[in-house]
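# Reading the structure
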There are 2 protein chains.
Amino acid sequence: MPNLLLTIRYDGTRYHGWQVQKNALSIQAVLQEAIWKLFGEKMDIKGCSRTDAGVHANMYCVSFHAPFYPGEYHTLCAINNALPEDIKAFRCEETDDDFHARYSCVAKEYIYNIYNAKHENPFVSKYSFHYKYPIDEKKLNTAASYFVGTHDFSSFCSAHSDVEDTVRTIYHCSVERSKDMVQIKICGDGFLYNMVRIIAGTLLDVAKGKIQEDDILQIITSANRKNAGKTLPANGLFLNKVFYGEVNLES
Amino acid sequence: MPNLLLTIRYDGTRYHGWQVQKNALSIQAVLQEAIWKLFGEKMDIKGCSRTDAGVHANMYCVSFHAPFYPGEYHTLCAINNALPEDIKAFRCEETDDDFHARYSCVAKEYIYNIYNAKHENPFVSKYSFHYKYPIDEKKLNTAASYFVGTHDFSSFCSAHSDVEDTVRTIYHCSVERSKDMVQIKICGDGFLYNMVRIIAGTLLDVAKGKIQEDDILQIITSANRKNAGKTLPANGLFLNKVFYGEVNLES
């Protein structure tokens, strides 16, 4: 049975995250219906990550063993026809039999968008957090560099989490502006619950002057959630890239 | 009474165009409610153009005489608070007493977006027409240049129109690609009913090889709607710029 790796994009606005839940619409529930319809059987669909309610994905990977492989074009057309407008697949390939979308993943890249203009913009409001006061993105970029490395990130983990190992490696963390959009980009081998949204909130504290750029290291070493900033809303967050095999930050 | 020029953006998906209509939601109806609420009186709100159902605007201007002017920041905050997420104002200024958003307008720029990829993308589907076969944007750009100048554009006007003067001047018409998005940009002193959407459909006929680049001139001179291409859907169309005073194509 071919093991297929399917790559999708989704606008998470309407969904309660990836994972199937009772009484709430999830990406997984909608996607697996479309896959099951094409293949005529209810196989197990493995997702690369449990994204939260309202989070979007420019790239999200799933893997599953299919009874046959109709080829990329036909698989994508059939699945997309059965999917709503806010979830669409754009790549499909046959992969190694032991490949698993979640366990084979070596790194992920997230983007957090902050729309930095005095007034709201209807075209970005679903995909960014609106912040109307000035942001010095160079300062935030300096602060962001302190996240790079292997650290215990307990300060940047929501209290609801029961993960035991809170050590993660961040390969890249930067802040760039493109007109009114300030974009935080972060790549790491894994992320704790709400970690990117808390990092974004902490970087905003640098913009507000509540903390200095190099306070980031102390906040990390304190291992205390109270020292970090607020958890910014889910709608500004995108899973942007999923890496298998090796991490290529340039691609 | 100060004459105010207010500039807004809107996602036209939910609306039946600019103009107030019975039994259909319009941008004008929603916007004037917000303006009337702030000023406490029902003055006449003049829009720069009658955009069609489903068309979007990166820039749309309205003018009206207000009983007082609370300044840009307060005016925008008050109006935006009363507006839904898909219509937002971003500029407001006091202008000459005889300024009229529609009659003072000297040119408008529209953009038509064609998403040129094999499979759909949830982030652009509301804002572009999906075309999955190859497009040679350089060929389309050459074809586009034939629209520039002063011509009778009856071939590019929907039959429903009862406009008598069908001569318009096009200052600029180009086609550019940015990754999977092919963008038609057109600027002119005025546009006939559905003109940009028919021009976009005709340029797509060049991509399909149904017509050659220089056939555009013959289609124009034929003054026959049947010789032009299909009217592409409204969701790919954006009013992008509105010019008063002088036309600056660079800005």
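Residues numbered from 1 in each chain as written. Chains lettered and ligands numbered in written order. Predicted model: local features only at pLDDT ≥ 70, side-chain atom pairs only at ≥ 80, totals over all residues. Heavy atoms only, no water.

### Digging into the relation of the copies chain A and chain B
The two copies are related by a screw operation: chain A maps onto chain B through 180° of rotation and 0.0 Å of translation along the axis, at an RMSD of 0.0 Å. Accordingly, the operation relating the two chain copies is best matched by a two-fold axis. If distances are taken from each C-alpha of chain A to the rotation axis, the shortest is found for Phe123(A), at 5.2 Å. The fraction of interface residues of chain A whose copies in chain B are also interface residues reaches 100%, indicating that both copies meet through the same surface. (Least-squares fit on C-alpha atoms with pLDDT ≥ 70 in both. Contact = heavy atoms within 4.5 Å.)

### Looking at the domain arrangement of chain A
Residues and elements named next belong to chain A. Domains assigned within chain A are domain 1 (3-95) and domain 2 (106-244). One C-alpha centre belongs to domain 1, the other to domain 2, and the line joining them spans 27 Å. Taken together, the contact between domain 1 and domain 2 spans 15 residues of the former and 16 residues of the latter. Buried area between domain 1 and domain 2, summed over both chains or domains, comes out near 1300 Å², and the portion from carbon and sulfur atoms is 56%. The largest contributions to the domain 1 side of the interface with domain 2 come from His56, Asn58 and Met59, which together make up 41% of the buried area. (Domains from an automatic or database assignment. Buried area = accessible area lost by both parts, 1.4 Å probe.)

### Focus on the interface of chain A and chain B
Every contact between the two is made by 28 residues of chain A and, on the other side, 28 residues of chain B. Both sides together, the interface formed by chain A and chain B hides about 2200 Å², and carbon and sulfur atoms give 60% of it. Of all residues in chain A, His119(A), Pro122(A) and Phe123(A) give up the largest surface area on contact with chain B, accounting jointly for 33% of the area buried on that side. Inspection of the region where chain A meets chain B yields 2 salt bridges. We note a salt bridge from Glu120(A) to Lys88(B), for which the minimum N-O separation is 3.8 Å. Linking chain A to chain B there are 2 residue pairs in polar contact (both at pLDDT 80 or more). Elements that contribute at least two residues to the side of chain A that touches chain B include exactly β1 (3-10), β3 (56-65), α2 (72-82) and β4 (87-95) of chain A. (Salt bridge = Lys/Arg side-chain N within 4 Å of Asp/Glu carboxyl O. Polar contact = N/O pair within 3.5 Å; in protein donor to acceptor, adjacent residues only side chain to side chain. Helix = DSSP H or I, 4+ residues; strand = E, 2+ residues; numbered from the N terminus.)

### Some remarks on the side chain of Gln28(B)
Residues and elements named next belong to chain B. Relative to the assigned elements, Gln28 resides in helix α1 (residues 27-39). You can call Gln28 buried: its relative accessible area is 12%. Leave out the neighbours within four places in its chain, and Gln28 touches Trp18, Gln19, Val20 and Ile45. (Buried < 20%, exposed > 50% of the residue type's maximum accessible area, 1.4 Å probe, protein only.)

### Focus: the confidence of the model for chain A
Residues with a pLDDT of 70 or more make up 98% of chain A, whose mean pLDDT is 95. Scored by ipTM, the complex comes to 0.91, with pTM at 0.94. (pLDDT = per-residue confidence, 0-100.)

### Regarding the pattern of salt bridges
Counting across every chain of the model gives 12 salt bridges over all chains. The residue Asp205(A) makes a salt bridge to Lys210(A) at a minimum N-O spacing of 3.9 Å. For Arg14(B), the salt bridge identified is with Asp86(B), shortest N-O distance 2.7 Å. Of the two residues, Arg14(B) is situated in the loop between β1 (3-10) and α1 and Asp86(B) in the loop between α2 (72-82) and β4 (87-95); the sequence distance between them amounts to 72 residues.

### A short note on the packing of α1(B) against α2(B)
Residues and elements named next belong to chain B. Two elements in contact, α1 and α2, have axes whose closest approach is 9 Å; the angle formed by their N-to-C orientations is 130°. When the axes of α1 and α2 are compared, the pair comes out oblique. Here α1 and α2 pass one another in a crossing that is right-handed. For the pair α1 and α2, contact is made by Leu31, Ala34, Ile35, Lys37 and Leu38 and by Thr75, Ala78, Ile79 and Ala82, respectively. When grouped by side-chain class, the residues that make up the contact of α1 with α2 number 7 nonpolar, 1 polar and 1 charged. (Axes fitted to C-alpha atoms, helices over the stretch in contact; angles between N-to-C directions. Parallel < 35°, antiparallel > 145°, perpendicular 65-115°, else oblique. Left-handed = near helix turned anticlockwise from the far one by under 90°. Nonpolar A, V, L, I, M, F, W, Y, C, P; charged D, E, K, R; others polar.)

### Remarks on unusual backbone geometry
With phi around 55°, Lys179(A) is a residue other than glycine that occupies positive phi space. Mapped onto the elements of the fold, Lys179(A) is located in the loop between β8 (167-178) and β9 (181-188). A relative accessible area of 76% means that Lys179(A) is categorised as exposed. Of note in this structure, Ala223(B) is not a glycine but carries a positive phi near 50°.

### Concerning a negative patch on the surface
On the surface, a cluster of negative charge is contributed by Asp152(A), Asp162(A), Glu164(A) and Asp165(A). Within the element layout of this structure, Asp162(A) appears in the loop between β7 (149-152) and β8. (Patch = residues over 30% accessible without salt bridge, like charges linked within 9 Å, V, L, I, M, F, W, Y side chains within 5 Å. Areas by Shrake-Rupley, 256 points an atom, 1.4 Å probe, with all protein chains shown as cover. Lys, Arg positive; Asp, Glu negative; His and termini not counted. Charge placed at Lys NZ, Arg CZ, Asp CG, Glu CD.)

### A short note on helix α1 (residues 27-39) of chain A
Residue and element names in this part refer to chain A. Here α1 contains 13 residues, and its C-alpha end-to-end distance of 19 Å stays within 8% of the 18 Å for a straight helix at 1.5 Å per residue. All of the buried residues along α1 are Ile27, Gln28, Val30, Leu31, Gln32, Ala34, Ile35, Trp36 and Phe39. Elements that come into contact with the buried residues of α1 comprise β1, β3, α2 and β4. (Expected span 1.5 Å × (residues − 1).)

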